[in-house]
Amino acid sequence: MKKLYNNGVEATLGVISGKWKPQLLCHLGNRPQRTCDLRQALPTISQKVLTQQLRELEADAIITRRVYGERAPFKVVYELTDLGRSLGQILIQMSLWGEQRATQLPDMEIRNDHAGFTHILEN
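Think of each chain on its own: its residues are numbered from 1, step by step along the sequence as written. Residue-level local features of this predicted model are given only where pLDDT is at least 70; pairs of side-chain atoms are given and counted only at 80 or more, and the full residue set underlies all totals for whole chains, interfaces and linings. Heavy atoms from the whole structure form the basis of all side-chain values; hydrogens and water molecules are not counted.

Moving on to the overall build of the protein chain. The helix and strand inventory of the protein chain stands at seven helices and three strands. Put simply, DSSP marks the helices as runs of H or I at least four residues long and the strands as runs of E at least two long, and each gets a number from the N terminus on. Mapped from its N terminus to its C terminus, the protein chain presents α and β elements in the order α-α-β-α-α-β-β-α-α-α. Evaluated residue by residue, the protein chain yields a buried proportion of 32% over its 123 residues. We call two residues in contact whenever any of their non-hydrogen atoms come within 4.5 Å of each other. Considering only residue pairs separated by 6 or more positions, the protein chain has 49% of its internal contacts joining residues 24 or more positions apart. A simple rule labels every residue: compare its accessible area, found with a 1.4 Å probe on the protein chains alone, to the largest value its type can have, and call it buried under 20%, exposed over 50%, or partly exposed in between.

Pairs of strands are assigned from DSSP output, requiring at least two bridges between the strands. Bridge count for strand β2 (residues 63–68) against strand β3 (residues 75–80) is six bridges, and the pairing is antiparallel. Counterpart to Val67 in the pairing with β3 is Val76. In this structure, the hairpin formed by β2 and β3 is closed by a connection of six residues, where Gly69 is found at a positive phi of approximately 105°.

A word on the pattern of salt bridges. Where charged atoms from two side chains of opposite charge approach closely, those side chains can pair. Put simply, a salt bridge is a Lys or Arg side-chain nitrogen that is within 4 Å of an Asp or Glu carboxyl oxygen. Under the definition given, this model contains five salt bridges. For Arg31, the salt bridge goes to Asp37, with nearest N and O atoms at 3.9 Å. Asp37 gets classed as partly exposed once you look at its relative accessible area, which sits at 23%. For the salt bridge of Glu79 with Arg66, the shortest nitrogen-to-oxygen distance reads 2.9 Å. Taken together, the residues span a long stretch of sequence, with Glu79 in strand β3 and Arg66 in strand β2 at a distance of 13 residues. Take Glu79: its relative accessible area is 27%, and that puts it in the partly exposed class.

Before going further, it helps to examine the environment of Cys36. Mapping Cys36 onto the fold places it in helix α3 (residues 35–41). Each C-alpha atom of the pair Cys36 and Gln47 lies 9.6 Å from the other, and the pair is 11 residues apart in sequence.

A few words now on the packing of helix α1 (residues 8–16) against helix α2 (residues 21–30). Look at α1 against α2: their axes get within 8 Å of each other, and the N-to-C directions meet at 75°. With respect to their mutual orientation, α1 and α2 come out roughly perpendicular. Mapping the contact onto sequence places Gly14, Val15 and Ile16 in α1 and Lys21, Pro22 and Leu25 in α2. Helix axes are fitted only over the stretch in contact, all axes being lines through C-alpha atoms; the angle between N-to-C directions runs from 0 to 180 degrees. Roughly parallel refers to an angle under 35 degrees, roughly antiparallel to one over 145, roughly perpendicular to one between 65 and 115, and oblique to any angle outside these ranges.

Pasting the structure below:
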């Protein structure tokens, strides 16, 4: 079934909306990662939600899932596709905007900067 959007912003948000997808893309922007690496980077995400979000990003061709090994336990690695890497500048701008806003609000603090986008910035 074809997805219908009213505009490009809605189409973009359809792919990256939510609490976890932008964060997952940020971490995958550094390097390919295993599920356990992503769980460690995002300790409050449940395994169920992580799996769901990764499947949705894979279905939208933003990431690829590679399975290594012929018998359990398998090694599963997730990596950005070229289309996923093309979201880098959007995510960087979102991060910069959030950091700037945090400096303007006394009750908001950012623990990390946009260093997670280093790989994207270099390409």
